[in-house]
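# Descriptive analysis of the structure
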Amino acid sequence: MLDVAGPCEVLRGANMVQNQWRYDVQFIGTMPNAPTSLGYALANVAPLPVEIEPDAMVVVCGNASEMPGFVETLDPQDIKRANARLQAWLRKTITPNHQLVTVCSGALDAARSGLFDGRRCTTHHKCLDELRAISPKIKVEENRLYIEDGNCFSSAGITSGIDLMLHIVSKRLGLAAAAQIAQHMVVFNRRNGSEPQLSPFLQGRSHLHPTIHRIQDQVTTNPTADWTVERLAKEAHMSARHFSRLFNKETGVTVPDYINGLRIAMAENMLKAQHLSIENLVDRLGYNSTRQFHRAWKQRHGKSPRQWQREHAVDA
């Protein structure tokens, strides 16, 4: 049930936080009343359409009957026939222009349709061996929240569908919108550690430690504050030494490097859009001196801020 509700709540949140792009969610399937893992049925499910919009996103949710230990509530043959109809529809309908998204064991249906051949993908940890057995052409990866490969997106178990949809929405609407949605849903906006970190605001978010996520949320909300290891350790209710080690272990970066990454990303945006003096920039970013700012800048850029600005400035 959460495979359906989680991603859909992200899309509903996207419609709430902006009005430039609207997500129209439709529920389709092989049966009008689809049983769920909770025992309730999803009613009024529309039949699989003959065709879909050329730029549609198709989300294939997990099937509890695919999970080991599931107690069947339907005739196994009925489930087998329904899955075969779905897979045939996917094989016939999905084109490279569509976005194919799988949640949990939904990856098995996509794989059996041949849509993951030559692609990297993942699924629930209990289904990894079954996914590998479907085709040697599939590049199965484990210990991943989600994976993006071309027009195919796949996520691991259950709640990771929320993480994946936040990522997809951020690609369309931007990181700020995704962060608003994540905050509204009270979830962490995480990225897959195997994917490139396109923004320092998402760097080091693929871990699962709730306290470190909470500290990162505080810092990203106001990167220019006077954050020190000691102050953040106090927020985390840890000693400074233990906090520093734990933060580095979970995120892969030190506390100062994490904070500087956020501030330099802000500096880049300011330099692109405005003609600011370095002194003004330093004050806005919370650095104690121009020298401190230049030292942080040089860790990420081989050119001076002014040289970088001339190459990246946005025309007025």
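Here the structure is a predicted model, which means the values were calculated and not measured.

### A short note on a negative patch on the surface
A surface patch of negative charge is lined by Asp-24, Glu-51, Glu-53 and Asp-55. Note on Glu-53: relative accessible area 46%, which makes it partly exposed.

### Examining the packing of helix 5 (residues 160–173) against helix 6 (residues 175–185)
For the pair helix 5 and helix 6, the least separation of the axes is 7 Å and the interaxial angle reads 150 degrees. With respect to the hand of their crossing, helix 5 and helix 6 are arranged in right-handed fashion. Between helix 5 and helix 6, the contacting residues are Ile-162, Leu-166, Val-169, Ser-170 and Leu-173 on the first element and Leu-175, Ala-177, Ala-178, Ile-181, Ala-182 and Met-185 on the second. Partitioning the contact of helix 5 with helix 6 into residue classes produces 10 nonpolar, 1 polar and no charged.

### Regarding the pairing of strand 5 (residues 57–60)
Burial of the side chains of strand 5 is restricted to one face: Val-58 and Val-60 are buried, whereas none of Met-57 and Val-59 on the reverse face is. In this sheet, strand 6 (residues 99–102) lies alongside strand 5 in parallel orientation, the contact comprising 4 bridges. Residue Val-59 lies in a different strand from strand 6, and its bridge partner there is Val-101.

### Looking at unusual backbone geometry
Even without a glycine there, the phi angle at Asn-44 is positive, about 60 degrees. Relative to the helices and strands, Asn-44 is located in the loop between strand 3 (41–42) and strand 4 (46–47). Its relative accessible area of 73% is what places Asn-44 among the exposed residues.

### What to know about the sheet that holds strand 10 (residues 152–155)
The strands making up a sheet associate through hydrogen bonds between their backbones, and the pairing can be parallel or antiparallel. Pairing is mixed in the open sheet, where 4 strands are placed in the order 5-6-10-9. The sheet is open, and its two edges are formed by strand 5 and strand 9 (146–149), each paired on a single side. Geometrically, the sheet is characterised by an average inter-axis angle of 15 degrees between neighbouring strands, direction not taken into account. Contacts from helix 5 reach strand 5, strand 6, strand 9 and strand 10 within the one sheet, and its direction differs from that of strand 10 by about 150 degrees.

### Topic: the pattern of salt bridges
In total, this model carries 9 salt bridges according to the counting rule given. For Glu-9, the salt bridge goes to Arg-12, with nearest N and O atoms at 3.0 Å. Of this pair, Glu-9 and Arg-12 both sit in helix 1 (residues 2–17), separated by 3 residues, roughly a single helical turn. Residue classification places Glu-9 among the partly exposed positions, given a relative accessible area of 33%. With its nearest N and O atoms 3.8 Å apart, the salt bridge here joins Glu-141 to Arg-144. Residue classification places Arg-144 among the partly exposed positions, given a relative accessible area of 29%.

Parameters and conventions
- Residues numbered from 1 in each chain as written.
- Predicted model: local features only at pLDDT ≥ 70, side-chain atom pairs only at ≥ 80, totals over all residues.
- Heavy atoms only, no water.
- Patch = residues over 30% accessible without salt bridge, like charges linked within 9 Å, V, L, I, M, F, W, Y side chains within 5 Å.
- Areas by Shrake-Rupley, 256 points an atom, 1.4 Å probe, with all protein chains shown as cover.
- Salt bridge = Lys/Arg side-chain N within 4 Å of Asp/Glu carboxyl O.
- Lys, Arg positive; Asp, Glu negative; His and termini not counted.
- Charge placed at Lys NZ, Arg CZ, Asp CG, Glu CD.
- Buried < 20%, exposed > 50% of the residue type's maximum accessible area, 1.4 Å probe, protein only.
- Axes fitted to C-alpha atoms, helices over the stretch in contact; angles between N-to-C directions.
- Helix = DSSP H or I, 4+ residues; strand = E, 2+ residues; numbered from the N terminus.
- Left-handed = near helix turned anticlockwise from the far one by under 90°.
- Contact = heavy atoms within 4.5 Å.
- Nonpolar A, V, L, I, M, F, W, Y, C, P; charged D, E, K, R; others polar.
- Pairing = 2+ DSSP bridges.

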